[in-house]
Amino acid sequence: MLHGPGDLRVEDVPDPDGEVLVTVEAATACATDLKALRHGHLILGPYPARFGHETVGVRHDTGERVLVGDSVACGTCIACAAGRTQLCPDMTWVLGGFAERIAAPVAALHAVPDGLAAAGAAMAEPLAAAVHAVARAGDTHDAAVLGGGTMGLMLARLLVLEGRDVTLCDRHPQRRAQAEALGARAVDALGRHELVMEAVGRPESWRVAIDRTLPGGTVVLVGGCPAGSDVTLPSGPLHYAELDVRGAFHHTPPEVDHALALLGSGDVDWRTLAGKRIGLEGLYDGLVRPNGGEARKLVVDPRL
Ligand SMILES: [Zn+2]
Ligand SMILES: [Zn+2]
């Protein structure tokens, strides 16, 4: 339970309320969880708050293995009616994966492909966001990814699977090696490309992404900057080079199912992105301590 910024406690609490109770097998962690721990997050409920949003487990009512999707859109607003449920302003967030049990509406649940391990299935949540971002990226053969964290690596793998010529830029040699193992070319300084997908989430990196995009090209901003950031962008390339600058946020339920299928088939090998496996007691240290060079996701198994 989060009791306030930086105040994480492992404690016995009653089972959460909700339509379906799920026994958690694995919950993977990402930068959003670290943000929630350190500063709070607008999607968190009031303190004490449950968190963890990449969750897989077993349904109490049916015994099925499910990915617990982290959001359910309202289904009736203008965005939902247009099929853009990721933009729903009345989203119900389903958090609490860092626990032995989580409660979720039935609409949040997705079947896990047979044979896919819990830690791998949990990565369908961030992978779905990568699927969504690539769907907004146009269809140029030449593609680049700025940032070799787990999101950048997922983007690179999806672009490789589409048969594109993919360059990933990161300053850490270990992450460049990971990108190359996924089929991308890796560099420590980005040249200019027709498509640049930003997966860092800093104002200066957004500017670099725009600066490295060829005239007429597309920039997809995948990395979210710190809340409240004002970003100053160069007017020249935006105007004279007719850059197409697009945001990409979250995912839709069909994109989550697509991500699960990619992980189940092995087209995206979750093992290359899985990091340390820890129990709930190790969560605080696991989140706040930098993990060194490789980009890998922390796997929380509350049964440990
Ligand atoms: Zn996440
Ligand atoms: Zn809606």
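Residues numbered from 1 in each chain as written. Chains lettered and ligands numbered in written order. Predicted model: local features only at pLDDT ≥ 70, side-chain atom pairs only at ≥ 80, totals over all residues. Heavy atoms only, no water.

A. Representation of the overall build of the chain in the model. Helices and strands together make up the secondary structure of the chain, namely 10 helices and 17 strands. Here the chain has a C-alpha radius of gyration of 19 Å; the compact-globule value for 304 residues is 19 Å, and the two agree. Principal-axis analysis of the C-alpha atoms gives the chain an extent of 60 × 40 × 35 Å. Burial analysis of the chain (304 residues in total) assigns 51% to the buried set. When the accessible surface of the chain is split by element, carbon and sulfur atoms take 51% of a total near 13900 Å². Each charge class in the chain was averaged separately, 27 positive and 38 negative side chains, and the resulting centres sit 5 Å apart. (Helix = DSSP H or I, 4+ residues; strand = E, 2+ residues; numbered from the N terminus. Rg over C-alpha atoms; globule rule 2.2 N^0.38 Å. Buried < 20%, exposed > 50% of the residue type's maximum accessible area, 1.4 Å probe, protein only. Areas by Shrake-Rupley, 256 points an atom, 1.4 Å probe, with all protein chains shown as cover. Lys, Arg positive; Asp, Glu negative; His and termini not counted. Charge placed at Lys NZ, Arg CZ, Asp CG, Glu CD.)

B. How the structure looks around empty space enclosed by the protein. Considering all chains together, one arrives at one cavity of 30 Å³ or more under this definition. Looking at the largest cavity, its volume works out to about 50 Å³. Every residue along the wall of the largest cavity is listed here: Thr32, Asp33, Ala36, His41, Ile43, Leu44, Phe51, Gly52, His53 and Leu95. Looking at the lining of the largest cavity residue by residue, the class counts come to five nonpolar, four polar and one charged. (1 Å grid on protein atoms, 1.4 Å probe; cavity = no way out; pocket = protein on both sides within 12 Å on 5 of 7 lines; lining within 4 Å. Points joined across faces, edges and corners; volume = space filled by probe spheres on them. Nonpolar A, V, L, I, M, F, W, Y, C, P; charged D, E, K, R; others polar.)

C. Here's a closer look at the pattern of salt bridges. Counting across every chain of the model gives 15 salt bridges. The salt bridge partner of Asp244 is Arg246, with a shortest N-O separation of 3.8 Å. For Arg246, a relative accessible area of 29% puts it in the partly exposed group. Within this structure, Arg59, Asp61 and Glu64 form a network of salt bridges that share partners. (Salt bridge = Lys/Arg side-chain N within 4 Å of Asp/Glu carboxyl O.)

D. Just the coordination of the zinc ion (ligand 2), in detail. Taken together, Cys74 (SG), Cys77 (SG), Cys80 (SG) and Cys88 (SG) make up the full set of protein donors to the zinc ion (ligand 2), lying 2.3 to 2.4 Å away. Counting residues between consecutive donors of the zinc ion (ligand 2) along the chain gives the motif C-x2-C-x2-C-x7-C. Of this pair, Cys77 sits in the loop between strand S6 (71-72) and helix H2 (78-81) while Cys88 sits in the loop between H2 and strand S7 (92-93), and the two are 11 residues apart along the sequence. On the basis of relative accessibility, which here comes to 7%, the residue Cys88 falls in the buried class. (Donors = N, O, S within 2.8 Å, 3.2 Å for Na, K, Ca; no water.)

E. Spatial organisation of the pairing of strand S11 (residues 165-169). In terms of burial, S11 is a largely internal element, four of the five residues being buried. Pairing of strand S10 (residues 142-146) with S11 involves five bridges; the strand directions are parallel. Bridge pairing links Val145 to Leu168 in S11. Handedness of the crossover joining S10 and S11 through helix H5 (residues 150-161) is recorded here as right-handed. (Pairing = 2+ DSSP bridges. Right-handed = clockwise from strand over helix to strand, strands pointing away.)

F. Looking closely at a nonpolar patch on the surface. Together, Leu233, Leu238 and Val245 make up a nonpolar patch on the protein surface, roughly 180 Å² of accessible area in all. Inspection of the secondary structure assignment puts Leu233 in the loop between strand S14 (213-221) and helix H8 (235-240). With a relative accessible area of 31%, Leu233 lands in the partly exposed category. (Patch = residues over 30% accessible without salt bridge, like charges linked within 9 Å, V, L, I, M, F, W, Y side chains within 5 Å.)

G. A look at the layout of surface pockets. Reported here for the second largest pocket is a volume of approximately 400 Å³. Along the wall of the second largest pocket there are 21 residues; nearest its centre are Glu11, Val13, Ala99, Glu100 and Leu280. Among the residues forming the lining of the second largest pocket, the class breakdown is 14 nonpolar, no polar and seven charged.

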